[in-house]
Amino acid sequence: MKKIWLQLRSYYGEYLLLIALAVIIGLIVGVIDAYFGMGLLAITDIRDDHPYYFIPFLAIIGVFIIFMYQKYGKNSQQGMGLIFDVGQKNASDIPLRLVPFIIGGTWLTHLFGGSAGREGVAVQIGATVSHTVGQKLNLKKHQTTLIVIGMAAGFAGLFQTPIAATFFALEVMFVGQLVYPALIPALIAAFIASGTSHFLGLEKFQVFVSDAFAFHFVNFAKLMIIGVIFGLTGSLFAKGLAYLKTFMAEKIVNPYWRIFIVGIVLSILLLLCHGGRYAGLGTNLIAASFSGQTIYLYDFIAKLLFTIVTLSVGFQGGEVTPLFSIGASLGIVLAGLFHMPVILVAALGYAAVFGSATNTLLAPILIGCEVFGFNYFPYFFIVCAFAYFFNFDQSIYGKQLNKIQI
């Protein structure tokens, strides 16, 4: 009995420590996420008001970003790849300098018009903070758990969808395997980070869908078909990003010339295409999709291509918000083709394309529910399930491990 008691005390004592750390990590990450997110929104407004003052200089700022990373960033340039390496115990250190580098690089990328996201930044911030805390307390054996806690906090602090953030962090590291030991502390960190960022003034994107859509065989078939289309779109994004990164690195070996040449091309095309419509996060396309504004048939493919090219040559930022915009704008198109409620299909695309491109299932279902309402859970479940199955095991995270063997 004494031995069992000592084992239980040791296990739960360590787990209580992780929970306490989750509270601290959630608070810290929530604060950083709030100011990063609000800064990014302010930068977006400045660029949108004066696109011709900033977008023409994208190539120059790209060279500056590469210089800073290569001169001072050390291995922080590996970004999400480094987070996955540490979480999978293939590496042991994430430098704290990653936080200011990824925030600064992302702000500059967006200010000058690069088509990129923000989720990867928030996840890296959270993982770096949690890893640093673990290192200070010599908790190396809990390295994976701490990374998951930080990722959940980072995602939740930025998007304020703590349940989706928790399951995103649990399932994204290893396909087909949830990191269950991190469940409770990750959930606590996610809710605290979400509440903290909201308290500090970062607003949550939320749309209440009220479309009626009967649940019968014909509509079930429609949901399956659009799920497949969303899945193929996410797969195309992930595959295209991986291919273009390799292609660009082979064709233009010097990273400075690579980002400079492609940056010039991007600047010209971004300005020619509706004066910067496809620059930045893509929140303009998301807003247009859910407010009845104009969505062109080609919006989703244009945003997909601009984002892939921007990220493939070294500009900083994430992929998820552009994926949201790609899915929502594609949903508008599909709603017309299949005679389905427009806002509902845009919401389904918002979630499902994200899930397909990240090779996750639970997170997109839950983010759909947290943003658009839990009343539509069955529809999100069906569409995201088919999107997940038809993504052909592609992921924007090249170091995601697949544990599924069929």
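The name an unreviewed UniProt entry gives the chain is Voltage-gated chloride channel family protein, with Enterococcus cecorum DSM 20682 = ATCC 43198 as the organism.

*Asks:* Is there a simple way to think about the environment of Val309 in this case?
*Replies:* By secondary structure assignment, the location of Val309 is in helix α13 (residues 299-312). Sequence-wise, Val309 and Leu330 are 21 residues apart; in three dimensions their C-alpha atoms are separated by 19 Å. Those residues in contact with Val309, other than ones at most four positions away along the chain, are Leu244, Val262 and Leu266.

*Asks:* Mind showing me how you'd approach the pattern of salt bridges here?
*Replies:* Opposite charge on two side chains lets them pair, provided their charged atoms get close. Overall, the coordinates contain four salt bridges when judged by the stated rule. In this structure, Asp48 and Arg47 form a salt bridge, with 3.0 Å as the shortest nitrogen-oxygen distance. Residue classification places Asp48 among the partly exposed residues on the basis of a relative accessible area of 42%. By relative accessible area, which is 2% here, Arg47 ends up buried. Salt-bridge contacts for Asp299 lead to Arg277; the nearest nitrogen and oxygen are separated by 2.7 Å. Separated by 22 residues along the polypeptide, Asp299 in helix α13 and Arg277 in the loop between α11 (255-272) and α12 (283-289) bring together distant segments of the chain. Relative accessible area serves as the criterion here: at 0%, Asp299 is assigned to the buried category.

*Asks:* I tried to follow the domain arrangement of the chain on my own but got confused; where do I start?
*Replies:* Interfaces are often described in size by the accessible area the parts lose on coming together. Domain parsing of the chain yields domain 1 (1-200) and domain 2 (217-402). Taking only C-alpha atoms, the centre of domain 1 and the centre of domain 2 are 22 Å apart. Counting from both sides, the interface comprises 52 residues of domain 1 and, opposite them, 51 residues of domain 2. When domain 1 packs against domain 2, close to 4100 Å² is buried across both sides, 68% of that on carbon and sulfur atoms. Among the residues domain 1 hides against domain 2, the three largest losses belong to Ser115, Glu171 and Val175. Together they make up 16% of the total. At the surface where domain 1 touches domain 2, the tally comes to one salt bridge. Note that Lys399 and Asp85 form a salt bridge whose closest N and O atoms lie 2.7 Å from each other. If you look at where domain 1 meets domain 2, you find 22 residue pairs in polar contact (both at pLDDT 80 or more). Per-element tally for the side of domain 1 that touches domain 2: the top contributor is helix α3 (residues 58-73), with eleven residues.

*Asks:* I'm lost on the packing of helix α10 (residues 217-251) against helix α15 (residues 342-358) in this one. Help?
*Replies:* When two helices pack together, their arrangement is given by the angle between the helix axes and by the axis-to-axis distance. Where α10 contacts α15, the two axes come as close as 8 Å, and the packing angle between them is 45°. Classified by the angle their axes make, α10 and α15 are oblique. Crossing of α10 over α15 shows right-handed handedness. The segment α10 lies against α15, with Leu223, Ile226, Phe230, Gly231, Thr233, Gly234, Ser235 and Ala238 engaging Val345, Leu348, Gly349, Ala352, Val353, Ser356 and Ala357. Each residue belonging to the contact of α10 with α15 can be placed in one class, and the counts come to nine nonpolar, six polar and no charged.

*Asks:* What's the story with unusual backbone geometry in this structure? I'm lost.
*Replies:* Glycine aside, negative phi is the norm for most residues, and most peptide bonds take the trans geometry. Phi is positive for Lys74, which is not a glycine, with a value near 55°. Its location among the elements puts Lys74 in the loop between α3 and α4 (80-87). Lys74 sits in the exposed class, given a relative accessible area of 62%. Notably, Asn138 is not glycine yet its phi reads approximately 55°, a positive angle. Locating Asn138 in the fold gives a position in the loop between α6 (119-136) and α7 (143-159).

*Asks:* Even after reading the chapter, I still don't get a nonpolar patch on the surface, so can you show me in this structure?
*Replies:* Residues Trp257, Ile261, Ile264, Val265, Ile268, Leu269 and Leu272 make up a contiguous nonpolar surface patch of roughly 670 Å² in combined accessible area. In this fold, Ile268 is placed in helix α11.

*Asks:* I would appreciate a short explanation of helix α16 (residues 362-372) in the present structure.
*Replies:* Every α-helix winds through 3.6 residues per turn, so residues three or four apart in the chain are directed the same way. Of all eleven residues in α16, ten are buried, a share of seventy percent or more. For α16, the complete set of buried residues consists of Ala363, Pro364, Ile365, Leu366, Ile367, Gly368, Cys369, Glu370, Val371 and Phe372. Those residues of α16 that are buried are in contact with α7, α8 (162-172), α14 (320-338), α15 and α17 (377-389). Count one or two residues on from α16 and you reach Gly373, which has phi positive near 115°.

*Asks:* Just checking my understanding: could you explain the side chain of Ser395 for this structure?
*Replies:* Tracing the chain through its elements places Ser395 in the loop between α17 and β2 (401-402). Within the structure, the side chain of Ser395 is placed 3.0 Å from the backbone nitrogen of Tyr397, a separation counted as a polar contact. Of the polar contacts made by the side chain of Ser395, one reaches the side chain of Gln400; its length is 3.1 Å. Among residues more than four places away in sequence, those in contact with Ser395 are Ala238, Ala357, Thr358, Asn359 and Gln400.

What counts, and where the lines are drawn
- Residues numbered from 1 in each chain as written.
- Predicted model: local features only at pLDDT ≥ 70, side-chain atom pairs only at ≥ 80, totals over all residues.
- Heavy atoms only, no water.
- Helix = DSSP H or I, 4+ residues; strand = E, 2+ residues; numbered from the N terminus.
- Contact = heavy atoms within 4.5 Å.
- Salt bridge = Lys/Arg side-chain N within 4 Å of Asp/Glu carboxyl O.
- Buried < 20%, exposed > 50% of the residue type's maximum accessible area, 1.4 Å probe, protein only.
- Domains from an automatic or database assignment.
- Buried area = accessible area lost by both parts, 1.4 Å probe.
- Polar contact = N/O pair within 3.5 Å; in protein donor to acceptor, adjacent residues only side chain to side chain.
- Axes fitted to C-alpha atoms, helices over the stretch in contact; angles between N-to-C directions.
- Parallel < 35°, antiparallel > 145°, perpendicular 65-115°, else oblique.
- Left-handed = near helix turned anticlockwise from the far one by under 90°.
- Nonpolar A, V, L, I, M, F, W, Y, C, P; charged D, E, K, R; others polar.
- Patch = residues over 30% accessible without salt bridge, like charges linked within 9 Å, V, L, I, M, F, W, Y side chains within 5 Å.
- Areas by Shrake-Rupley, 256 points an atom, 1.4 Å probe, with all protein chains shown as cover.

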